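The primary structure of each chain is shown beneath.
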Amino acid sequence: MGECPLLEAIFVQIDINEYERENEYRKLIENYEGKAEHLLAIMQDVQKQYNYLPRLAIQLISDYVGTPVSRVYAMASFYKAFSLVPKGRYVFRVCDGTACHIKNSETLLDRLYQQLGIKAGETTADGMYSVETVNCLGACALAPVMVVNGKVHGKVSPGEVERIVKEYGGQNHGS
Amino acid sequence: MEAKVYKDDRQTVLVCCGTGCTANGGREVFRAFQKRLENHPEMEVLPVIKATGCNGWCEKGPLVRLMPRDITYCSVAEKDVDEIVDKTLLEGVLIKRLLYRDPVSKEHLTSHHLTDFYRKQHKIALRNIGEIDPGQINDYIEREGYQALKKALQDMDGQAVIDAVKTAGLRGRGGGGFPTGSKWQSCRDAKGEPKYIICNGDEGDPGAFMDRSIMEGDPHTVIEGMILGAYAVGATHGYIYVRDEYDLAVQYLGQAVKDARQQGYLGSNIMGSELSFDIELVRGGGAFVCGEETALMASIEGRTGEPRDKYVYPTEKGLWGKPTIINNVETWANVPVIILHGAEAFAAIGTEKSKGTKVFSLVGKVVNTGLVEVPMGTTLREIIYEIGGGVLKKRRFKAVQTGGPSGGCIPASLLDLPIDFDSLTEAGSMMGSGGLIVMDDHTCMVEVARYYVNFLAGESCGKCTPCREGIRAMLEILTDICNGKGKLEDLQLLEDISATMQEASLCALGRTAPNPVLSTLRYFRDEYIEHIENRFCPAGICRELTTFYIDPEKCTGCTLCMKSCAVNAITGEKKQVHVIDESSCIRCGECYRTCNFDAIKLARRDRHEN
Amino acid sequence: MKIKLNGQEREAQKGESILELCRRENVTIPTFCYHQAFGGQGACRMCMVEVIEKGRKESRLVAACTYPLNSPVEIITESPRIQRMRRTLVMLLARRADRHPLLKEMAESYDAPHLGAIETKPADCILCGLCIHACEEMGRSAIWSMFRGIDKRIATPYDEAADDCMGCAACARVCPTQAIKVEEAGSERKIWNKTFELIACQRCGKRYATREEIEYLQERSGYQQEHLCESCRKKTLAINMKNYLQ
C-alpha cells in the first residue's frame, strides 16, 4: 500500500525486457475470455508467473478485458495478492494473525531484520529476499508461523529464524 | 448421527496432512508409510494408506491413526514409521511413547476418542475430516456422501428442502448468524434469472482456520450442500470463493468439483433429475473485506472489493443484480446432514435459539490448540479447560477473544457463559466465524485493541468516512496510549468515534470495528488507565513503557534468557548472575517470557532509565 | 405511494431514494458525495437519516442517498442522534481539508471538536469520489480510487500522466474542495501530472479545451465540429436559429 520507492529504480531496468515479453503476457492473458469476471484470475496468473504485475501486462489486460487501465491498477493496488514491484526471490512471510501475534510474531520480524537488514514490506537491494507480514495463514495452532516460498514453518522460535534464513543463504545478509 | 465408519476389516493407516501437520512433517510420514508398505512380504492384504485433512488436534501432530483398531499415535516422525509397521500393524503391539498420555490420570490412551480433547466434541461439519482422503470422491461416497442429494431429488421438492433447513434452525456460521432457511426462502421467492449460489470461503479472521480445514479435508460436503441449496432456490450457477492464501484448499476443491462433475453430481440433469447446476472456483485476491458478501460479489464481478448498502438484500439483487444466496463454508457443510438425518435431530442439539454445533479454532495460550466442534451452549470454561487443557504453562487466564476483528474480549468472570450467538453478543463480543483466542497475563489488552484496529486500518476498503477516518483516529489514539502519550480524554473520544462508526458505517466491517476497543474498555479499563496515568504496561508488552532487569537474588545463571535474546543484550557466565545491557535491549520481552525462575522483572521504562 | 416525512404525509415515487424525495420536498440533508448526475454513492455517510419500517417499532439509521423507497415508511431527518453523528463525521472529515472554508464552516456549525489535520494526496481531498465518477461519465476513467484502508487515495495509475486523461478538468470542476490542481499558462494546461495544449476558439481566440478533449468529443459524437468555445457555440447556434426561422 502507499508509495513504492523501489519502483523507480527497478522499473528502468526491466523496461527493456518487458517489450520482448509481450507475446508471453498475451498467451497467459488470453487463456480466459475477455470479460471483467475473469480479471482477478488473469491478474493472479500473471502475478504467479512473474512475481509481480508488469506495467505492460496491466496495459494488455486492460485492452483485452475492456476495463480502463485505472481500474485494473486499482485492483492491483487493492488486493494484497498483487505486487506492482517485483518481490524477492525468497519471500519470508511472517504471520501476524492474532494467535501468532500474541505468541510474539513481532520478535520474529526483529530477528529477520537482524539477518536480512529489511523490515516488513521491504525487499533487499539485490532482489533476493523480501519480508512480509501476512494476515493469518490458517495454521493458528502452530503459532507463530512463518512461510518461505510456500513452505510452512510452525512454532518458530526466535532462535530458529537464523537457521531458516540460513537455509536460503540469507544469513547476515543485512550486514 | 454417527456415520458408519468402515465397511470391511482391512487395515487402514490415516496420516493427517492438513496444513498444520504438513508443516510438521506429516507428508514425509505419509510417504514413508507408502514406501514401506509398497510390497510388504509379510502382509497378505496391504493396508490402505490415506493422507487426510486436519484432524483438529494440531498440537499433537503429525497424527497417525490405525483402523479398525482405532489407535492414535501422536507427534509421529518419519523415523517412527518402521516401528509402527513392524510392531503395531504386524504384531498388534502398541508403542506407548507415541500414545497420548492423559496429564491427570497419567494413563496412556489408545484412541483419540478417549482423550479430553475429543470426548466432548460432536462432529457434524467435521464428521469426515481425518477419516477420508479428501482427494477421493469414493471415500466421501462411502460415508453417506451424496445420499442427502439423492434423498432430496427423489423424495423432496425445493420448498421441502428449505422447510427442513428452517426446522433445523440452522444459522449462518460465518459470523452473521442469520437464519439460513429464511435467507433461502427469500431467494426462492425472488424474481430473476439465473439465480446464484455462492460459498464464502474467504475466511479472513486472523486466528480462524475452520473453513480451511473443511475445504481441505472434506470438499465434497461443501459441494453437496451447495447443490442442495441450488435445488432449494432454483439456482443454476455456483461459485466457491476461496481465500488466495489457501493453496491446498483450492487444489482439493478443484479436484472435487471435477470428480463430482464426472460422476454426474454436477452439470446437467444431476442424478437423472431436472436439476442442472455447476460450480466455478474463484481465488480471492487477498482482502479481508471480501468476506463481506457484497464486497465478495463485487470481487467476482471483477471490481475492487467495496461493499454496498444492503437495503436491498443479495437474495433479491445479488451477483450481477440477480437473486443470490451466499453462505459460509461451515454452513454448507451442515446442510447434507440436516437433509439426510432430519431437521429434528439437528435441532435437538444446541440451545433454544442456536441449534446444532459450531466449529471453533482454539488457539493462543492454551495447551491443546486446534479445531474443536461442540454443541452450541457448551461453556467457554468447558472448551478452554476441559477440552483445551487449560492455559499454557499454567499461567493466569486473562481473556478469550472471540469473533475476530469484529468481536471482543471476554474476561474470566464470564467463563461460564454458554456459547451461542446471542449470549456472546450480549457480552459485548460475537460468535464470528469461530476463532477463540486464549490470552494470559502476558497479553496487553490495550495492545490487543491496537492490533485489531491496525489490522482493520489496512483491510477496510476505505470508501466510507466513519470507517476509514474513524479507524485512523482510533489507531492514532491507541498507538499513543501504548507509547505512553495517551490522555484520559482520549477514552471518551474513542467511545464517541465508536458510536458513530457503529451507526453510520457502510458495512459490517466498519460497524463492528469498534468492538475490540469497546470490549477491552468495558472489561479492562484499568489497563488503559495504567498506560495513560502511570505510563506502565503490566503485561510487559508495550515496548515504550517497559524495561526489564534481572533480579540477582533469583537468577540461577541457566543462560536460557541469553539464548533467547535476539540482540545479544544479556551477558553472564553459567551459574553466575546474568545482566541485561539496557542500551542494546530492544524490550521485546523474550527473556522475561523464557525465564523459568521468575528472575526477570518488569519496570517502568521512564523511571528505570533515570 | 404515501410516506411520512418528518411527521408529514408526502407522496413518494416507488424506488426513488430518500434523498431524491427530500430534495424535491425542499428538506435539507447535508451531503458531500452526492451529485444529481451520478446518483447516491453512500460514501460520505453525512446523509444518514432515521427510518421506521413497516412492522417495526424502532427506527434504524440508513443512508438517504441509497435507501430506496419501496414501501410506506416513516422518515426522520433531524434528531439529537443524527446531529451527534453528523458532528463526529464532520470532525473526522475536516482533518483532511483543515483550512478549506467548506469544512471549516461545517465544523463550526456543528460545533465539532478539532482533531489534528492530516496530510492527504491530493491536499484537501475528502475522498467523496465525485471526480472519479465525473471522469467515468465524461471521459475515459483516467483516475480511480487506489489502494485501500487508511491509505486510499485518488490517483492516476503509477501517479504518472495517464494515457486516458484528456485534460478536460471535469474532475476539478466537480471537486467540492478544489483539491485537484489545474495549472493554466498561455496555451498549456497541466493536470494530474500531464501537460496539454489548449486549442483556441476559431471565433474569439479563447483557449477553451485540450486537443485530446476535442478529439474525444468528435469520436463520441461521430462528427467533426468547429473549434468553438462554449459562449461562441451558443452565439453561433442562436444566429443559425435566427437565420433558419427567417
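Criteria and thresholds
- Residues numbered from 1 in each chain as written.
- Chains lettered and ligands numbered in written order.
- Predicted model: local features only at pLDDT ≥ 70, side-chain atom pairs only at ≥ 80, totals over all residues.
- Heavy atoms only, no water.
- Helix = DSSP H or I, 4+ residues; strand = E, 2+ residues; numbered from the N terminus.
- Buried < 20%, exposed > 50% of the residue type's maximum accessible area, 1.4 Å probe, protein only.
- Contact = heavy atoms within 4.5 Å.
- Lys, Arg positive; Asp, Glu negative; His and termini not counted.
- Charge placed at Lys NZ, Arg CZ, Asp CG, Glu CD.
- Pairing = 2+ DSSP bridges.
- Axes fitted to C-alpha atoms, helices over the stretch in contact; angles between N-to-C directions.
- Domains from an automatic or database assignment.
- Buried area = accessible area lost by both parts, 1.4 Å probe.
- Salt bridge = Lys/Arg side-chain N within 4 Å of Asp/Glu carboxyl O.
- Patch = residues over 30% accessible without salt bridge, like charges linked within 9 Å, V, L, I, M, F, W, Y side chains within 5 Å.
- Areas by Shrake-Rupley, 256 points an atom, 1.4 Å probe, with all protein chains shown as cover.
- Nonpolar A, V, L, I, M, F, W, Y, C, P; charged D, E, K, R; others polar.
- Core = buried A, V, L, I, M, F, W, Y, C linked by side-chain atoms within 4.5 Å.

From N to C terminus, chain C includes seven helices and 11 strands. Projected onto its principal axes, the C-alpha positions of chain C cover 65 × 55 × 30 Å. The buried share of chain C, taken over its 246 residues, is 50%. Counted over contacts in chain C with a minimum sequence separation of 6, partners at least 24 positions apart contribute 50%. Of the side-chain charges in chain C, 38 are positive and 33 negative, and the distance between the mean point of each set is 3 Å.

So, about unusual backbone geometry. Here the residue pair glutamate 193 of chain B and proline 194 of chain B is connected by a cis peptide bond, since its omega of -5° sits within 30 degrees of zero. Within the secondary structure layout, proline 194 of chain B lies in the loop between helix H8 (180–189) and strand S7 (196–201). With omega at 0°, the peptide bond leading from lysine 121 of chain C into proline 122 of chain C counts as cis. For proline 122 of chain C, the location among the structural elements is in the loop between helix H3 (101–109) and helix H4 (130–138). Residue lysine 155 of chain A is not a glycine yet carries a positive backbone phi of 45°. Looking at the element boundaries, lysine 155 of chain A is found in the loop between strand S5 (151–153) and helix H8 (158–167).

Moving on: the sheet that holds S5 of chain A. All names here are of chain A. Across the sheet, which stays open at both edges, the five strands sit in the order S2-S3-S1-S4-S5 with mixed pairing between neighbours. The sheet terminates laterally at strand S2 (122–123) and S5, the two strands that pair on one side only. When strand S1 (residues 90–95) meets strand S4 (residues 146–148), the two strands line up antiparallel, connected through three bridges. Counted as the bridge partner of phenylalanine 92 is valine 148 from S4. Sheet contacts for helix H7 (residues 105–116): S1, strand S3 (129–134) and S4; angle to S1, the most-contacted strand, approximately 155°. Against the sheet, H8 makes contact with S1, S4 and S5, and its axis sits at roughly 165° relative to S5, the strand it touches most.

Residue and element names in this part refer to chain C. Domain boundaries in chain C define domain 1 (2–78) and domain 2 (130–245). A C-alpha centroid distance of 34 Å is found between domain 1 and domain 2. Overall, the association of domain 1 and domain 2 removes approximately 470 Å² of surface from exposure, summing both partners, and the carbon and sulfur fraction of that is 75%. At the junction of domain 1 with domain 2, the criterion picks out zero salt bridges.

Turning to the sheet that holds strand S5 (residues 74–76) of chain C, a few remarks are in order. Residue and element names in this part refer to chain C. One open sheet accounts for five strands, arranged S2-S1-S5-S3-S4; its pairing is mixed. Either end of the sheet is taken by a strand with one partner, and the two such strands are strand S2 (8–11) and strand S4 (60–63). Direction aside, the axes of adjacent strands within the sheet are offset by 35° on average. As paired elements, strand S1 (residues 2–5) and S2 share four bridges and run antiparallel to each other. Bridge pairing in S2 links isoleucine 3 to arginine 10. The strands touched by helix H2 (residues 80–94) are strand S3 (48–52), S4 and S5; relative to S3, the strand with the most contacts, the crossing angle is about 155°.

Residues and elements named next belong to chain C. Among the surface-exposed residues, Leu237, Met241, Tyr244 and Leu245 lie close enough to one another that they form a single nonpolar patch of about 530 Å² accessible area. Along the chain, leucine 245 turns up in helix H7 (residues 230–245). Its relative accessible area of 65% is what places leucine 245 among the exposed residues.

Next up on the list: the interface of chain B and chain A. In this assembly, 64 residues from chain B lie in contact with 41 residues from chain A. Contact between chain B and chain A buries roughly 3800 Å² in total, counting both sides, with carbon and sulfur atoms accounting for 56%. Summed over the shared surface of chain B and chain A, the result is four salt bridges. One salt bridge in this structure joins aspartate 110 of chain A and arginine 543 of chain B, with 3.1 Å as the shortest N-O distance. With seven residues, the top contributor of residues to the side of chain B that touches chain A is helix H17 (residues 445–459) of chain B. Residues that form the side of chain B that touches chain A fall into these classes: 29 nonpolar, 17 polar and 18 charged.

Below, the discussion takes up the nonpolar core. Among the nonpolar cores identified, the biggest contains 156 residues, and Met43 and Ile61 of chain A, Val517 and Tyr528 of chain B together with Ile18 and Ile75 of chain C are the most heavily contacted of them. In terms of residue count, the dominant contributor to this core is helix H18 (residues 465–482) of chain B (nine residues). Contacts of isoleucine 61 of chain A, omitting those with residues within four sequence positions, involve Ile29, Leu39, Ile42, Met43, Val46, Gly66 and Val72 of chain A. Ala125, Ala208, Ile214 and Leu228 of chain B belong to the second-largest nonpolar core, a separate cluster that totals 91 residues.

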